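# Analysis of the macromolecular model
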Amino acid sequence: MAQEGQVFNVGVVGYGMSAKVFHIPFITTTPSFKLHSILQRNPRPETSAPNDYPSLQHFRDIDSFLADASLDVVVLTTTPETHFPLATQALNAGKHVFVEKPFVPTAAEASQLIALAEQKGKQICVYQNRRWDSDFQTVKKLQKDGTLGRIYEFETHFDRFRAAKPTNWKGALTMANGGSALYDLGTHLVDQVYVLFGMPSSVSAKLVSQRDARVLGPKDTDVEPDSVNLHLFYDSGLIVYVRIGVMSAETRQPRFWIRGTKGTYHKDGLDPQENQLKAGMKTSDAQFGRDDEEWHGKLVTVDADEKMSEKVLPNVEPVTYSKIYELFGEALRGNGQVPVPASEARDVLRILEAARESSLTRREVELS
């Protein structure tokens, strides 16, 4: 039984960028967690968990890692196609599980893990860290405060100029295994839309390889998209546009364009936390999560006399990616639910699956 103030031993599976940049810095600064062990199958001189963390327990196979009775929480930072079998093993071993996004490749696998976690009395949380992007937190506040009125169009982007195909696993993993731009970046953008508006009533999509000039469809069924053009439709009349591109030659890449009955919000540029972490910035740094002034958003509002006014809108005070670990730890202590339940990640997977079906069949797909 979890107790107030309990500290949980955390073991990390994998020792790539995800572990080093997005997980270990937060595990080691969250009071409810203690970094206890790392599973790295093949340490090398240039990337070695045993060398970097000599005081921890180190493992090279999953069975001995999970057999450690003192291990409470397993963090999966491995590639998406491994998430389902590894999470299944961890739950069967009596461990709580924290899984990188995308949760698993299919909604059906998500349902199996949800049922298993319930059977074992364990928690699953999915690492949808971009719920704590400062620009998204700003959007949530605009929605909560009603600043924009009824939102009727919502445009969200993750655009870059990357003409060369990835040479790592991201360049090889297929949609069937949780790969491609749809599952890598689309998971983030669709999850944010889901948080704001819930499940759409229907989905229409074009999944494209911009680098190869190909579109997933009836005549070309094996395209692995590097780009996404996705429309989500809601019964309220809201239309959401989700756009991901790799050939976007812009000095200021768009992020949000939101239009409502009382105003509009524009924002360029991505949240800075990922780049700050990659550059070695500490999570305790006063600038962590803060945009430079040139990247502040723009807010236009309409008053009762239909007079428009425009102002620069900085992001809200950053809560940063620390929050997802803080909330997960509190949930394990019995204080509230996990911050990203597996059931919500399953809903996002259902939307992504509908997008894939829509592009393949060239039709709008209804979601019940």
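Up top you'll find the structure we're talking about.
Residues numbered from 1 in each chain as written. Predicted model: local features only at pLDDT ≥ 70, side-chain atom pairs only at ≥ 80, totals over all residues. Heavy atoms only, no water.

## Some thoughts on the overall build of the chain
- Helix and strand counts for the chain stand at eleven helices and 16 strands.
- Computed over its C-alpha atoms, the radius of gyration of the chain comes to 21 Å, within 12% of the 21 Å expected for a compact globule of 368 residues.
- Projected onto the principal axes, the alpha-carbon positions of the chain cover approximately 65 × 50 × 40 Å.
- By the burial criterion, 51% of the 368 residues in the chain qualify as buried.
- Considering only contacts in the chain between residues 6 or more positions apart, those separated by 24 or more positions represent 71%.
- Of the roughly 16,800 Å² that the chain leaves accessible, carbon and sulfur atoms contribute 49%. (Helix = DSSP H or I, 4+ residues; strand = E, 2+ residues; numbered from the N terminus. Rg over C-alpha atoms; globule rule 2.2 N^0.38 Å. Buried < 20%, exposed > 50% of the residue type's maximum accessible area, 1.4 Å probe, protein only. Contact = heavy atoms within 4.5 Å. Areas by Shrake-Rupley, 256 points an atom, 1.4 Å probe, with all protein chains shown as cover.)

## Things to note about the environment of Ser134
- Structurally, Ser134 is set in helix α6 (residues 134-145).
- By relative accessible area, Ser134 is classed as buried at 1%.
- On a C-alpha basis, the gap between Ser134 and Thr320 in space is 7.0 Å, while along the polypeptide they are 186 residues apart.
- Residue contacts for Ser134: discarding those within four places in its chain leaves Asp271, Gln273, Gly289, Asn315, Val316 and Pro318.

## Here we look at the pairing of strand β5 (residues 96-100)
- Burial analysis of β5 places five of its five residues in the buried class, which makes it a mostly covered element.
- Burial along β5 is two-sided: the face carrying His96, Phe98 and Glu100 and the face carrying Val97 and Val99 are both buried.
- Relative to β5, strand β4 (residues 73-76) runs parallel, the two sharing four bridges. Each residue of the ladder has a partner; that of Leu76, found in β5, is Val99.
- Following the backbone out of β4, through helix α4 (residues 83-92) and into the adjacent parallel β5, one traces a crossover that is right-handed.
- With four bridges connecting them, β5 and strand β6 (residues 124-127) associate as parallel partners. Note that in β6 the partner of Phe98 across the bridge is Cys125.
- In this fold, β5 hands off to helix α5 (residues 107-120), which returns the chain to β6; that crossover is right-handed. (Pairing = 2+ DSSP bridges. Right-handed = clockwise from strand over helix to strand, strands pointing away.)

## Looking at the sheet that holds β4
- Spatial ordering of the open sheet is given by β3-β2-β1-β4-β5-β6, a layout of six strands whose pairing is parallel. The outermost strands of the open sheet, each flanked by one partner alone, are β3 (57-59) and β6. When the angles between neighbouring strand axes are averaged without regard to direction, this sheet yields 25°.
- Taken together, the six bridges between strand β1 (residues 8-13) and strand β2 (residues 33-39) define a ladder with parallel strand orientation. (Axes fitted to C-alpha atoms, helices over the stretch in contact; angles between N-to-C directions.)

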